[in-house]
Amino acid sequence: MDADGDADTVLDYDGKSASGTEAVKVICLGDSAVGKSKLLERFLLDKFKPQTISTYALTLYRYSSKVKDVDVIVDFWDTAGQEMFQSMHPSYYHQAHACIMVFDATRKITYKNLERWYKELRQYRPHIPVFCAVNKIDANMDVTQQKFAFPEKNGIPLYYVSASNGMNVVKLFRDAVEAALMYKKDPPDVTDQIFQELQRL
Amino acid sequence: MSEITQKMRKLGIRFDPPSLVLIYSNDKMKLHQRVMPVRNFNAGSNVNFFATQLKQRHEEFLHSVPLISIEKMLRILQEHIRGSPLESILKNINSEYEINPDEDLNKLTDDQLHRKKLIMEASFVANQLQPSDPDYEYDRQVDFEDNKIESGWDSESNAKETETDDFWG
């Protein structure tokens, strides 16, 4: 599939795109230099030129695809150095349908910091599906024999990936896109809200 | 083409006159030395810019030398110009050019982060499988299920973490 070209505008992800195509937003979270951009580039290959939207301090990768025969535009949001601030701008989380959290198989601190990223994410998006990826397994294959408490504790699937040799990268993104679409169709937040309203009555 | 058969053996820096020194071998395994002057370089110079210039000017000799190695030599020269003692220079510059798994890279300046990324890039490129490689597969999947052991990254002190980490407030 070809990219939708102009990614210079931020869509209203709660609705559909101007052309009527379903649009979802998938955000990437994690420390500086864990390889978030490298993973996106490996998934999208060279066909897609990212747009840097300086107003939002982010890099946007717009990807057009078909999921179960339905056309869909996926905007992947990647940080553009915002990690150096204490947190991401709220607009980064706004309307996100799924999140991919990345840590570095060679740097323990990036794993430790996931807790903080996750806490912030859940403040804005309490129910969106989250995926966790340990990247750079090519540089530390030992981690593929290891389990990690953070994803287990939070019920998040963990993917062992390498942006360098491509291991499990495509699976990670495809699963995230599918989950984002499912979330958009049937957001648990809304269901929960209605349920809470009903309980109140 | 002489440049193809050259292999870098050692890279060094000379303080006076400031120059980059390359020891390389040719196809007959004979060692050669090449001294490349570093001009107009001072305490405030951008090492990345100067390293790039040197690499271009001496392309024939430096084409296979990683830019980051040249940068590192220039940083040593720069600290010397600033008057630091050699011992502390070597210690500090080494830590600048290695990845400490416990260092929080979120806290670095753009320049510092860029340097760390360059170092990581070396391992990325070394293991990279590209569409042109015979082993390349776009959707490469490997299942690492069962018999997992604890990573050891969860065991230590959450207490220490909350005490010492002031960055996240």
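Summary of the structure given here. The numbers attached to residues start from 1 for each chain and follow its sequence in the written order. Chains carry letters and ligands carry numbers; both start at the beginning, A for chains and 1 for ligands, and go up in the order they are written. Per-residue local features of the predicted model are confined to residues with pLDDT of at least 70, and side-chain atom pairs are confined, for both listing and counting, to 80 or more; whole-chain, interface and lining totals are unaffected and use all residues. With hydrogens and water stripped out, all remaining heavy atoms of the structure feed into the side-chain values.

## Some details on the overall build of chain B
Inference 1: Each helix is a run of H or I in the DSSP string that is no shorter than four residues. Each strand is a run of E no shorter than two, and both are numbered from the N terminus. A tally of helices and strands in chain B yields seven helices and four strands.
Inference 2: Exposure categories follow from relative accessible area, calculated using a 1.4 Å probe and restricted to protein chains: below 20% of the type maximum is buried, above 50% is exposed, and the middle band is partly exposed. Every one of the 169 residues in chain B was classed for burial, and the buried ones make up 33%.
Inference 3: It only takes one pair of heavy atoms within 4.5 Å for two residues to be counted as in contact. Long-range contacts, defined here as pairs at least 24 residues apart, represent 38% of the contacts in chain B between residues at least 6 apart.
Inference 4: What sets the accessible areas is the Shrake-Rupley method with a 1.4 Å probe; for residues, cover comes only from the shown protein chains. As displayed, chain B has an accessible area near 10800 Å², and 50% of this comes from carbon and sulfur atoms.

## Concerning helix 1 (residues 36-44) of chain A
Inference 1: Three or more residues of helix 1 of chain A are buried, namely Lys36, Leu39, Leu40, Arg42, Phe43 and Leu44 of chain A.
Inference 2: Downstream of helix 1 of chain A by a residue or two, Leu45 of chain A has a phi angle that is positive, lying close to 55 degrees.

## A short note on the interface of chain B and chain A
Inference 1: Facing 41 residues of chain B, the contacting portion of chain A comprises 45 residues.
Inference 2: Definition used for salt bridges: Asp or Glu carboxyl oxygen within 4 Å of a side-chain nitrogen of Lys or Arg. Joining chain B to chain A, the criterion identifies three salt bridges.
Inference 3: For the salt bridge of Lys38 of chain A with Glu121 of chain B, the shortest nitrogen-to-oxygen distance reads 2.9 Å.
Inference 4: Elements with a contribution of two residues or more to the side of chain B that touches chain A: helix 6 (110-127), strand 4 (149-150) and helix 7 (158-164) of chain B.
Inference 5: The leading source of residues in the side of chain B that touches chain A is helix 6 of chain B, at eight residues.
Inference 6: Gly is placed with the polar residues, together with every amino acid not listed as nonpolar (Ala, Val, Leu, Ile, Met, Phe, Trp, Tyr, Cys and Pro) or charged (Asp, Glu, Lys and Arg). By residue class, the composition of the side of chain B that touches chain A is 16 nonpolar, 10 polar and 15 charged.

## Some words on unusual backbone geometry
Among all residues save glycine, negative phi is the norm, and among peptide bonds the norm is trans.
Inference 1: Looking along the chain, the bond that leaves Asp16 of chain B and enters Pro17 of chain B is cis, with omega of -5 degrees.
Inference 2: Topologically, Pro17 of chain B is positioned in the loop between strand 1 (7-14) and strand 2 (19-25).

## A few points about the sheet that holds strand 2 of chain B
Residues and elements named next belong to chain B.
Inference 1: In space, the three strands of this open sheet follow the order 1-2-3, with antiparallel pairing throughout. Whereas interior strands pair on both sides, the edge strands pair on one side only; in this sheet they are strand 1 and strand 3 (31-37). Put simply, the sheet's adjacent strands are angled 20 degrees from each other on average, direction ignored.
Inference 2: Of the strand pairs in this sheet, strand 2 and strand 3 are connected by seven bridges, and their pairing is antiparallel. In the sheet register, Ser25 faces strand 3, and the bridge partner there is Leu31.
Inference 3: Only the stretch in contact is used when a helix axis is fitted, and all axes are lines through C-alpha atoms; the angle between N-to-C directions ranges over 0 to 180 degrees. Where helix 4 (residues 67-81) meets the sheet, its contacts fall on strand 1 and strand 2, and the angle it forms with strand 1 comes to roughly 20 degrees. If DSSP finds at least two bridges between two strands, the strands pair.

## Section: the pattern of salt bridges
Inference 1: In the structure shown here, the tally under the stated rule is 16 salt bridges over all chains.
Inference 2: With a shortest N-O distance of 3.1 Å, Asp71 of chain A and Lys66 of chain A are connected by a salt bridge.
Inference 3: Take Lys66 of chain A: its relative accessible area is 42%, and that puts it in the partly exposed class.
Inference 4: The residue Asp139 of chain B makes a salt bridge to Arg174 of chain A at a minimum N-O spacing of 3.4 Å. Of this pair, Asp139 of chain B sits in the loop between helix 6 and strand 4 while Arg174 of chain A sits in helix 6 (residues 169-185), which puts the two residues in different chains.
Inference 5: Salt bridges sharing common partners tie together Arg75, Glu79, Arg82, Glu96 and Arg115 of chain B.

## A look at the environment of Gln128 of chain B
Inference 1: Position of Gln128 of chain B among the secondary structure elements: in the loop between helix 6 and strand 4.
Inference 2: Judged by its relative accessible area of 25%, Gln128 of chain B is partly exposed.
Inference 3: Discounting residues that sit within four places of it in the chain, Gln128 of chain B has contacts with Ser164 of chain A together with Asp133 of chain B.

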